[in-house]
Amino acid sequence: MSDVWYQCDRCTACCKWPGDVRVESYEIENIAKFLGMETQAFIDDFTRLRMNRDGLSLTEKDNHECIMLDGQDCRINSVKPKQCRGFPNKWNFPGWQQVCNAKAIPIKKASELGLIK
Ligand code: SF4
Ligand code: SF4
């Protein structure tokens, strides 16, 4: 593991990028329950097939931001998909630091703050 942890500053940029917000089968029931919805109603109202057709994605608004983004907040923050939870520490891409405001902090401090999950 790297000796730094990138702490999200909740700029919401990654919630506004066009593309899939992958939601895995095991996550769907939890998110539906969190929203007080039946699982099938959540699937019908808030998901679509991914671009590569290998599963479901959350839907997006007309401006491409994620349907769960509410101002600066994620409506499902405590149960958000692994894809959201993992960026940029578990996965990222070349040049990600140009488009993400997460700040590097020592891994020990991140651990003490309970940021590493
Ligand atoms: S782009 Fe980076 S700093 Fe902004 S919300 Fe996403 S992870 Fe956090
Ligand atoms: S589920 Fe939440 S964290 Fe993930 S893209 Fe949507 S608004 Fe952002």
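Structure: see above.
So, a few notes on the structure that sits alongside this text.

Cut-off values and rules
Residues numbered from 1 in each chain as written. Chains lettered and ligands numbered in written order. Predicted model: local features only at pLDDT ≥ 70, side-chain atom pairs only at ≥ 80, totals over all residues. Helix = DSSP H or I, 4+ residues; strand = E, 2+ residues; numbered from the N terminus. Rg over C-alpha atoms; globule rule 2.2 N^0.38 Å. Buried ≥ 20, exposed ≤ 12 C-beta atoms within 10 Å, placed from the backbone. Axes fitted to C-alpha atoms, helices over the stretch in contact; angles between N-to-C directions. Parallel < 35°, antiparallel > 145°, perpendicular 65-115°, else oblique. Contact = placed C-beta atoms within 7 Å. Nonpolar A, V, L, I, M, F, W, Y, C, P; charged D, E, K, R; others polar. Near = placed C-beta within 6 Å.

### Quick word on the overall build of the protein
Phase 1: Secondary structure summary: the protein contains four helices and seven strands in total.
Phase 2: When the elements of the protein are put in sequence order from the N terminus, they spell out β-β-α-α-β-β-β-β-α-β-α.
Phase 3: Its C-alpha atoms give the protein a radius of gyration of 15 Å, within 12% of the compact-globule value 13 Å for 117 residues.
Phase 4: Counting only C-alpha atoms, the protein reaches 40 × 30 × 25 Å along its principal axes.
Phase 5: For the protein, with 117 residues in total, the buried portion stands at 17%.

### Description of the packing of helix H1 (residues 25-34) against helix H2 (residues 39-46)
Phase 1: Two elements in contact, H1 and H2, have axes separated by 9 Å at closest approach and are oriented at 95°. One way to sum up the angle between H1 and H2 is to call them roughly perpendicular. Touching Ile-28, Glu-29, Ile-31 and Ala-32 of H1 are Thr-39, Phe-42 and Ile-43, all from H2.
Phase 2: In the contact of H1 with H2, the residues fall into five nonpolar, one polar and one charged.

### A few points about the site of ligand 2
Phase 1: Surrounding ligand 2, one finds Cys-15, Val-21, Leu-58, Cys-66, Met-68, Leu-69, Cys-74, Ile-76, Lys-80, Pro-81 and Cys-84.
Phase 2: For the shell around ligand 2, a count of residues per class yields 10 nonpolar, no polar and one charged.

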